[in-house]
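Residues per chain, in single letters:
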Amino acid sequence: MSKPVIGFIGLGLMGGNMVANLQKRGFEMVVMGRKKDVIDAVLARGNARVVTSPKELAEASDIIMLCVTTSDVVESLVYGDDGILAGIKPGAVLIDFGTSVPASTRKIGADLAEREAGMIDAPLGRTPAHAKDGLLNIMAAGDRATFDKVKPILDEQGENVFYLGALGSGHVTKLINNYMGMTTVCAMSQAFAVAERAGVDRAQLYDIMSAGPSNSPFMGFCKNYAVDGVSDLGFSINNANKDLGYFLQMVDDIGTRAEIAEGTTQNLKAAVDAGLGDGNVPEIFDYYRQLES
């Protein structure tokens, strides 16, 4: 596909930088959003227009990209009275870059197929800075022919584009990835809190743990907050709580349990209830340090 018209919904930090990257690479953009400064920046870069409904955006686009917060938001954009499903063209493709419930993704994909349109789930790794330079990690899944159709555009956005198979597999992989990552951050943050309570120097604990196989970038983020007071992971407790909830829903859908995830999500929910939800995940250290038996 050469230079398709791209519709984009979700102009937050990640999505806004993805749009800037696509515009830099010469793609015509159709966007919708509420933040005037962000919309003005898109229009100022040129070759873009603004619409007021997902239906209108779908009618004008060859590829529709979503980078929104929850499965509920995705479903509202697709199934609303003026939604994507009402306006999507035969042969068009919807790409969901967010972290969604796989069962919801598969349902949307089936409904789009009835309109002769395709879907790819393509959750992201890395940061908004990587998005601006087209250097994301993209975990893409869906019908192979649909993936091959949009891969040249994904290659403009990702340094590493992984094809994972049937629709929903990207979201499954992202949820597993986030379960492992967020559980690791919670465990390491609690380790620092327990060390403090036990009278062990947190910096020395880090020196010892980081000299062995427990060392990881996540340990570095946890140390940066628990020892140095620097919160730099860039992923909120609210988002982690949402993703662990989705992971547990997925686990239930496939007929099993994940007891470690159940414990992690209880801690994340407790931190949210304590007013820490907007903080980055290593800030759960503050919740752990005040726990009483």
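What counts and how
- Residues numbered from 1 in each chain as written.
- Predicted model: local features only at pLDDT ≥ 70, side-chain atom pairs only at ≥ 80, totals over all residues.
- Heavy atoms only, no water.
- Core = buried A, V, L, I, M, F, W, Y, C linked by side-chain atoms within 4.5 Å.
- Buried < 20%, exposed > 50% of the residue type's maximum accessible area, 1.4 Å probe, protein only.
- Helix = DSSP H or I, 4+ residues; strand = E, 2+ residues; numbered from the N terminus.
- Contact = heavy atoms within 4.5 Å.
- Axes fitted to C-alpha atoms, helices over the stretch in contact; angles between N-to-C directions.
- Parallel < 35°, antiparallel > 145°, perpendicular 65-115°, else oblique.
- Left-handed = near helix turned anticlockwise from the far one by under 90°.
- Nonpolar A, V, L, I, M, F, W, Y, C, P; charged D, E, K, R; others polar.
- Pairing = 2+ DSSP bridges.
- Right-handed = clockwise from strand over helix to strand, strands pointing away.
- 1 Å grid on protein atoms, 1.4 Å probe; cavity = no way out; pocket = protein on both sides within 12 Å on 5 of 7 lines; lining within 4 Å.
- Points joined across faces, edges and corners; volume = space filled by probe spheres on them.

Asks: Got a minute to help me understand the nonpolar core in this structure?
Replies: Soluble globular proteins tend to bury their nonpolar side chains together. Ranked by size, the top nonpolar core spans 34 residues in total, and within it Phe-192, Phe-247, Ala-261, Leu-268 and Ile-284 carry the most contacts. Counting residues per element, this core draws most heavily on helix H9 (residues 169-198), which supplies nine residues. Discounting chain neighbours no more than four positions away, the residues touching Phe-247 are Leu-175, Ile-176, Tyr-179, Ala-258 and Ala-261. Listed in part, the 30 residues of the second largest apolar core include Phe-8, Leu-22, Ile-39 and Leu-124.

Asks: Before we go on, may I ask you to explain the packing of H9 against helix H13 (residues 259-273) in this structure?
Replies: Packing of H9 against H13 brings their axes to within 10 Å, and their N-to-C directions diverge by 60°. Taken together, the axis directions place H9 and H13 in an arrangement best described as oblique. Every pair of crossing elements has a handedness; the one defined by H9 and H13 is left-handed. The residues of H13 that touch H9, namely those facing Tyr-179, Met-182, Thr-183 and Cys-186, are Ile-260, Ala-261, Thr-264 and Leu-268. By residue class, the composition of the contact of H9 with H13 is six nonpolar, two polar and no charged.

Asks: Help me out: how do you make sense of unusual backbone geometry in this one?
Replies: When glycine is set aside, most residues are seen to have a negative phi, and most peptide bonds are trans. Of note in this structure, Asn-47 is not a glycine but carries a positive phi near 55°. Its location among the elements puts Asn-47 in the loop between helix H2 (36-45) and strand E3 (48-50). Positive phi values are uncommon outside glycine, yet Arg-126 reaches one of about 85°. Along the chain, Arg-126 falls in the loop between strand E7 (124-125) and helix H7 (128-132). For Arg-126, a relative accessible area of 37% gives the class partly exposed.

Asks: I would appreciate a short explanation of the pairing of strand E8 (residues 136-140) in the present structure.
Replies: For E8, the tally of buried residues reaches five of five residues, placing the bulk of the element in the interior. Relative to E8, E7 runs antiparallel, the two sharing two bridges. Bridge pairing in E8 places Gly-125 opposite Asn-137. Sheet topology note: the E8/strand E9 (residues 158-163) ladder contains five bridges and is parallel. Bridging across to E9, Ile-138 finds its partner in Val-161. Of the crossover connections in this fold, the one passing from E8 over helix H8 (residues 144-157) to the parallel E9 is right-handed.

Asks: In this structure, what is going on with the sheet that holds E9? I would like to understand it.
Replies: Sheets are built from strands that pair by backbone hydrogen bonding, the pairs being arranged parallel or antiparallel. Pairing is mixed in the open sheet, where three strands are placed in the order E7-E8-E9. Among the strands making up the open sheet, the edge pair consists of E7 and E9. Across the face of the sheet, H8 comes into contact with E8 and E9 while running at roughly 165° to E9.

Asks: Got a minute to help me understand the layout of surface pockets in this structure?
Replies: Vacant regions in the atomic arrangement are exposed by a probe of water-molecule size rolled over the atoms. Empty space within the largest pocket amounts to approximately 1600 Å³. Taken together, 45 residues make up the lining of the largest pocket; nearest its centre are Met-14, Cys-67, Val-68, Phe-235 and Asn-239. Within the residue set of the lining of the largest pocket, elements represented by two or more residues are helix H1 (13-24), H2, helix H4 (71-79), E7, H9, helix H11 (217-226) and helix H12 (237-253). Per element, the largest residue contribution to the lining of the largest pocket is five residues, and it comes from H9. Its residues placed into classes, the lining of the largest pocket shows 22 nonpolar, 17 polar and six charged.

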